[in-house]
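Spelled out, the chains give:
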Amino acid sequence: MTLLATTVLVDPALAHAGSLGAVTRSAPVPSWLVIASGAGAVGASFLFTSLLTDRRVVESVPRRGRSLPNVGPILRVIARWAAVAAVPLVVAVGLIGPDAPAANLLTLAVWVVWWAGYTMTTYAVGDSWPALNPWRTVASLFPVEPRSLPDRVGSWPSLAGLLALVAVEVLSPVAADPRLLAAAVVGYSAVTVAGAAAFGDAWFERVDPVARTFALYGRSALIRRTESGLDVGLPGAGLARESTVYDFDDVAFVVALVWVTTFDGLVSTAAWGRATAAVTTVGPPAWTVTLAGLLGGFGGFLGCYWLAARGVRRTAPTYVSPRFLAGWFAPALIPIAAGYHFAHFVGYLVGFAPTVAAVAAAPLAPPGSLVVLSPPGWFGTVQLSAIVAGHVLAVWVAHARAFELFAGRVQPIRSQYPFAAVAVLYTTVSLWIVAQPIAAGIA
């Protein structure tokens, strides 16, 4: 079976992606065709969805589902403390294990198992992070009465934290240096445990970017935790039926979630490398170009979304403020972020799966020759389909939320014109990145 899987999945040449070495590849068709097809699919999905104007159907679809029994308390306790024990173990391996990132269990655990694989479970299955979060578990042991986090702080710290984490990832060698990564994990652990002990659950709800990311992804998953327990339903149903209006800081975080995953793919392309090299010849160092791209791109994505919110008042005249509209439709952006995360990391996860298994079996003395699979050319179709599927689901979520907000049949459809345009823009950018050749990385 191993030989068969290797024959099917391995191509003669390795592509490159991420810091551990490359396994994803660009789409095996012309870029212009990829972009045009994806944007056309999103536009067509908007037109198709617009034909569904029966309010009873639109309102009933997100509410279809069934309840699930809760996981037993013993299993939850075992899983929680297993996660707590795993952190110091992998950090220790990061410090004393092999120097090569692809042979060190810490780098594989953080980037492949956790950030690629586990994150996928949060939007595909459900958000289990509140139960597994080892830092939450440790913080709960401190006999300290949590203080309230001032309302004026909002969730801006989580936005700053998310942008900072991505900046550190792309600007420093932390992703490829096990020793530096171990120090980063220890530092993050100290700050998170101290913050959670001081402010309780508010820290994970408004400050910690990792917990906020998983919580948002979990709202689009099949399984969702409700007041009555666990419910299973259609993908995106939780986003379509929730009645919350996001504040502007929450809107900014959701847009940042879309952008940072996009940017993470952009900086690994050959096109970005050429552009950075061209700019640095004029004088600015490369890190300033990357930082400007991270912040400038986020500003551009956020600005486009804000213009779309303002545009709703022209296409569907209403007294509702643009700020309210931006907060009401922000949940529709979450499937877009999830779709691009899957597209960016699925090849990474599949390629390094045998490496993770081999290193986990002997973390201090892994095999000298590690197998890294390179998905074949047709695998690019999976990546492109994930992006398009995320955008199509976003169109449906926005459609359902529009019918809950606006009266009649025409006004909800007209309200979606600006957001459909933004969805096509985001689709075009994401598909263009996936279609680009990947720059050479660390093998």
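Here the structure is a predicted model, which means the values were calculated and not measured.

Analysis parameters
Residues numbered from 1 in each chain as written. Predicted model: local features only at pLDDT ≥ 70, side-chain atom pairs only at ≥ 80, totals over all residues. Heavy atoms only, no water. Core = buried A, V, L, I, M, F, W, Y, C linked by side-chain atoms within 4.5 Å. Buried < 20%, exposed > 50% of the residue type's maximum accessible area, 1.4 Å probe, protein only. Contact = heavy atoms within 4.5 Å. Helix = DSSP H or I, 4+ residues; strand = E, 2+ residues; numbered from the N terminus. Arc of directions from axis to C-beta. Patch = residues over 30% accessible without salt bridge, like charges linked within 9 Å, V, L, I, M, F, W, Y side chains within 5 Å. Areas by Shrake-Rupley, 256 points an atom, 1.4 Å probe, with all protein chains shown as cover. Salt bridge = Lys/Arg side-chain N within 4 Å of Asp/Glu carboxyl O. Axes fitted to C-alpha atoms, helices over the stretch in contact; angles between N-to-C directions. Parallel < 35°, antiparallel > 145°, perpendicular 65-115°, else oblique. Left-handed = near helix turned anticlockwise from the far one by under 90°. Nonpolar A, V, L, I, M, F, W, Y, C, P; charged D, E, K, R; others polar. pLDDT = per-residue confidence, 0-100. 1 Å grid on protein atoms, 1.4 Å probe; cavity = no way out; pocket = protein on both sides within 12 Å on 5 of 7 lines; lining within 4 Å. Points joined across faces, edges and corners; volume = space filled by probe spheres on them. Polar contact = N/O pair within 3.5 Å; in protein donor to acceptor, adjacent residues only side chain to side chain.

**What to know about the nonpolar core**
- In this structure, Val255, Leu294, Phe298, Tyr305, Phe329, Leu333 and Tyr426 are the most contacted members of the largest nonpolar core, which totals 98 residues.
- In contact with Phe329, other than residues within four places in its own chain, are Tyr305, Ala398, Arg401, Ala402, Leu405, Phe406, Ser415, Gln416 and Phe419.

**Some thoughts on helix H14 (residues 270–280)**
- Along H14, the residues that are buried comprise Ala271, Trp272 and Thr276. For H14, the buried positions fall inside an angular range of 130 degrees around the axis, keeping them on one side.
- Considering only its buried residues, H14 is in contact with helix H13 (248–266), helix H15 (286–315) and helix H20 (417–435).

**Structural notes on a nonpolar patch on the surface**
- A cluster of nonpolar side chains, contributed by Val77, Trp81, Leu141, Phe142 and Val144, occupies part of the molecular surface with about 470 Å² of accessible area.
- You can see Leu141 is positioned in the loop between helix H7 (134–139) and helix H8 (156–171).
- On the basis of relative accessible area, Leu141 is assigned to the exposed category, the value being 53%.

**So, the packing of H13 against H20**
- Where H13 meets H20, the axes come as close as 9 Å, and the angle between the chain directions of the two elements is 25 degrees. The angle between H13 and H20 places the two elements in the roughly parallel class. Judged by the twist between their axes, the crossing of H13 over H20 is left-handed. Of the residues in H20, those touching H13 at Val255, Val258, Thr262, Gly265 and Leu266 are Tyr426, Val429, Ser430, Trp432 and Ile433.
- Each residue belonging to the contact of H13 with H20 can be placed in one class, and the counts come to seven nonpolar, three polar and no charged.

**Comments concerning the confidence of the model for the protein chain**
- When pLDDT is averaged along the protein chain, the result is 82, and 81% of the positions lie at 70 or above.
- Low pLDDT, under 50, characterises residues 1–18; the predicted model gives this stretch 39 contacts beyond four residues in sequence or across chains.
- Considering only residues more than four positions removed or in separate chains, one finds that residues 22–27, a stretch of pLDDT under 50, has 41 contacts.

**Quick look at the pattern of salt bridges**
- Scanning the entire structure with this criterion turns up three salt bridges.
- A salt bridge links Asp201 to Arg136, with the shortest nitrogen-to-oxygen separation between them at 2.7 Å. With Asp201 in helix H10 (residues 201–206) and Arg136 in helix H7, the pair connects residues that are 65 residues apart, well separated along the chain.
- Overall, Arg136 belongs to the partly exposed group, its relative accessible area being 22%.
- Residue Asp250 is joined to Arg212 by a salt bridge in which the shortest nitrogen-to-oxygen separation is 3.0 Å. Of this pair, Asp250 sits in helix H13 while Arg212 is found in helix H11 (residues 209–218), placing the two residues 38 residues apart along the sequence.
- Using a relative accessible area of 17% as the deciding quantity, one classes Asp250 as buried.

**Here we look at empty space enclosed by the protein**
- Applying the stated criterion across every chain yields a total of two cavities of 30 Å³ or more.
- Surrounding the largest cavity, 14 residues form its lining, Ala332, Ala394, Ala398, Phe419 and Ala423 being those nearest its centre.
- At the level of secondary structure, the elements contributing two or more residues to the lining of the largest cavity comprise helix H18 (379–405) and H20.
- Take the lining of the largest cavity: its biggest share by element is four residues, from H20.
- Split into classes, the residues belonging to the lining of the largest cavity amount to 13 nonpolar, one polar and no charged.

**A few points about the side chain of Thr107**
- Mapped onto the elements, Thr107 comes out in helix H5 (residues 105–124).
- Judged by its relative accessible area of 0%, Thr107 falls in the buried class.
- From its side chain, Thr107 meets the backbone oxygen of Pro101 in a polar contact 2.3 Å long.
- Reaching out from Thr107, the side chain makes a polar contact with the backbone oxygen of Asn104 at a distance of 2.9 Å.

**Comments concerning the environment of Val93**
- Here Val93 lies in helix H4 (residues 73–96).
- Val93 sits in the buried class, given a relative accessible area of 10%.
- Those residues in contact with Val93 that lie beyond four places of it in its chain are Asn104, Leu105, Pro363 and Leu364.

**Section: the packing of H15 against helix H16 (residues 322–329)**
- Running from N to C, H15 and H16 point in directions that differ by 115 degrees, and their axes come no closer than 8 Å. With respect to the hand of their crossing, H15 and H16 are arranged in right-handed fashion. Residue-level contacts link Tyr305, Trp306, Ala309, Arg310, Val312 and Arg313 of H15 to Pro322, Arg323, Leu325, Ala326 and Phe329 of H16.
- A per-class count over the contact of H15 with H16 returns eight nonpolar, no polar and three charged.

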